[in-house]
Amino acid sequence: MRIIHTSDWHLGHTLMDRTREEEMSSFFSFLIDTINEKKVDALLISGDIFDTGTPSNSALSLYYSFLASISKTGCKDVFVIAGNHDSPSLLSAPKEILEMVNIHVCATKDDIKPYVLNDEVLILPIPFPRDQELRRLVQGESIREEEDKLRRAIEDLYRIETEKAVEMYPNLPIIAMGHLMASNISSEEKLDLYIGGLGTIDSKCFPSSLSYVALGHIHRKANLNDSGTICYSGSPIPFSFKEGRDTKVLKLIEIDNKEVSVSDIEIPRFRKLFQIRGDEKTIIKELSDLVENKEEGWVSLEITESGVSSSIRTKAETMTKDTGLEIIHIKDTTVSKKLLETEENIDSLENLTEEDIFSKFLDEKEIKDERKKDLLSLFNEILLTLREEK
């Protein structure tokens, strides 16, 4: 039996206001081709299907179109769990209909139950643990005590559900699904992706009776144990310029006579992301190299030299005109540095209003006057609402 593990699709995500639908459509085509080529029996999607709890109609259309295309393959079962970005009620809405075509949705703790596939393997889907009982803060507890309590609650959840599954099907390998933060990830990744308020659990807490743990929540592929059976598949496309050079994969799980093996299937880069940082000379040189090599993709420029922002913008736009490169982000890092270093430009927080701070932020981002006016207006509406609530 062959199973593919993927996660963190974040349908509806935008990068600098650019939609990612074209890339995700290409990924779905690649995924369908891979399912057919590898003769995959089941697909596991470990959370964060959507980028927000209120996805756009186009994001919903992408999702349901993909699920419809699965029926034309040999993949007999699809398992979907909710991530912290997903709305449980939205995912669950068509649950009964999807179940008729063997698409199993597990959006809340109450949905957890084991599924047996072909008498060969048991799938145990466990969604992002958002139950209020896990979050309830006992009066007088410190933050550390609360984190310990949350961690123990999550560990108990996996232990109890696994024990139930083993008791019901003692002779089958068990593949658990999850969407959470586990240990053995670098501190940098924790900082970027610590979302949802739940404490990090130790990967060693997953019961030893689990043959594979299909995780979602971080966007880079990662193996959390030496045998490679506790894994983050990572996202299928890079969602930031920082992820632009990451290798994206699908995890292929193969089960042969109860033996489980795991391998990576590399996902093509459907659109390249290039990040260039430095002074004017460095940026123009690296951008020139991209043009000469006929590279195509989106480009982010981070300027570290004072007084050259306008010059770089003009030169860069001229160099990339009529090429496959599009500059979608330019940041002058010297603006914020000047604000910090020049005392005369710094006002104490007591002397700055919220609008002043937000206005400085917009100036740093080089937001044009008309757009800045609109954003300030919206910002003030939010402030007014908050003050009225207080």
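In this text the structure is predicted, and so the values were computed from the model without any measurement.

Novice: I would appreciate a short explanation of the overall build of the chain in the present structure.
Specialist: Scanning the chain for helices and strands turns up twelve helices and 17 strands. The 390 residues of the chain split such that 47% are buried. Look at the contacts in the chain between residues 6 or more apart in sequence, and 70% of them connect residues 24 or more apart. Working note: accessible area of the chain is about 20,500 Å², and carbon and sulfur atoms make up 48% of it.

Novice: Got a minute to help me understand the nonpolar core in this structure?
Specialist: Generally speaking, a soluble globular protein has its nonpolar side chains buried in company with each other. Ranked by internal contacts, the top residues of the largest apolar core, which has 42 residues, are I3, L44, I123, I175, L180, F206 and L215. It is strand β10 (residues 210–216) that contributes the most residues to this core, five residues altogether.

Novice: Explain the sheet that holds strand β16 (residues 297–303) to me, please; I cannot follow it from the model alone.
Specialist: Strand pairing in a sheet takes place through backbone hydrogen bonds and is either antiparallel or parallel in direction. Sheet architecture is open: three strands sit in the order β15-β16-β17, paired in parallel fashion. Each having just a single partner strand, β15 (272–278) and β17 (325–332) make up the two edges of the open sheet. Strand after strand, the sheet turns through a mean of 20° between neighbouring axes, direction not considered. Across seven bridges, β15 lies against β16 in parallel orientation. Bridging from a neighbouring strand, F274 pairs with V299 of β16.

Novice: Explain the sheet that holds strand β1 (residues 2–6) to me, please; I cannot follow it from the model alone.
Specialist: Ordered by their spatial adjacency, six strands build an open sheet running β6-β5-β4-β1-β13-β14, and the pairing between neighbours is mixed. Every other strand in the sheet has two partners, leaving β6 (103–106) and β14 (259–266) as the edge strands with one partner each. Recorded for the sheet is a direction-independent mean angle of 20° between the axes of neighbouring strands. As defined by bridge partners, β1 adjoins strand β13 (residues 249–256) across four bridges and the pair is classed as antiparallel. Bridge pairing in β13 places I4 opposite L252. Taken strand by strand, helix α2 (residues 57–70) contacts β4 (42–46), β5 (77–81) and β6, and its axis lies near 155° from that of β5.

Novice: Would you explain the packing of helix α8 (residues 280–292) against helix α9 (residues 309–320) in this entry?
Specialist: The packing of two helices is summarised by the inter-axis angle and the distance between the axes. Between α8 and α9, the least distance of the axes is 10 Å, while the angle of their chain directions is 10°. Classified by the angle their axes make, α8 and α9 are roughly parallel. Residues E280, I283, I284, L287, S288 and V291 of α8 lie in contact with α9, whose contacting residues are S311, I312, K315, A316, M319 and T320. In terms of residue class, the contact of α8 with α9 is built from seven nonpolar, three polar and two charged.

Novice: Help me out: how do you make sense of the confidence of the model for the chain in this one?
Specialist: One rule of thumb: low pLDDT means the predicted coordinates there are not for detailed reading. Confidence along the chain averages 87 in pLDDT terms, with 87% of residues attaining 70 or more. The model gives residues 186–198 a pLDDT under 50, and that stretch makes 23 contacts with residues more than four places away or in other chains.

Novice: Would you mind showing me how to read α8 here?
Specialist: Think of an α-helix as turning once every 3.6 residues; residues three or four places apart then point the same way. With 13 residues, α8 extends 18 Å from end C-alpha to end C-alpha; this agrees with the ideal 18 Å at 1.5 Å per step. E280, I283, I284, L287 and L290 are the residues of α8 that are buried. In a view along the axis of α8, the buried residues occupy a sector of 120°, so they form one face of it. α8 presents K281 and E292 as exposed residues on the side facing more than 90 degrees away from its buried surface.

Novice: Sorry, what's going on with helix α1 (residues 21–38) here?
Specialist: With 18 residues, α1 ought to run about 26 Å at 1.5 Å a step, and its terminal C-alpha atoms sit 25 Å apart, in line with that. When α1 is considered as a whole, its buried residues turn out to be E23, M24, F27, F28, F30, L31, I32, T34 and I35. A positive backbone phi angle near 55° is found at K39, which sits one or two residues after α1.

Rules used in this analysis
- Residues numbered from 1 in each chain as written.
- Predicted model: local features only at pLDDT ≥ 70, side-chain atom pairs only at ≥ 80, totals over all residues.
- Heavy atoms only, no water.
- Helix = DSSP H or I, 4+ residues; strand = E, 2+ residues; numbered from the N terminus.
- Buried < 20%, exposed > 50% of the residue type's maximum accessible area, 1.4 Å probe, protein only.
- Contact = heavy atoms within 4.5 Å.
- Areas by Shrake-Rupley, 256 points an atom, 1.4 Å probe, with all protein chains shown as cover.
- Core = buried A, V, L, I, M, F, W, Y, C linked by side-chain atoms within 4.5 Å.
- Pairing = 2+ DSSP bridges.
- Axes fitted to C-alpha atoms, helices over the stretch in contact; angles between N-to-C directions.
- Parallel < 35°, antiparallel > 145°, perpendicular 65-115°, else oblique.
- Nonpolar A, V, L, I, M, F, W, Y, C, P; charged D, E, K, R; others polar.
- pLDDT = per-residue confidence, 0-100.
- Expected span 1.5 Å × (residues − 1).
- Arc of directions from axis to C-beta.

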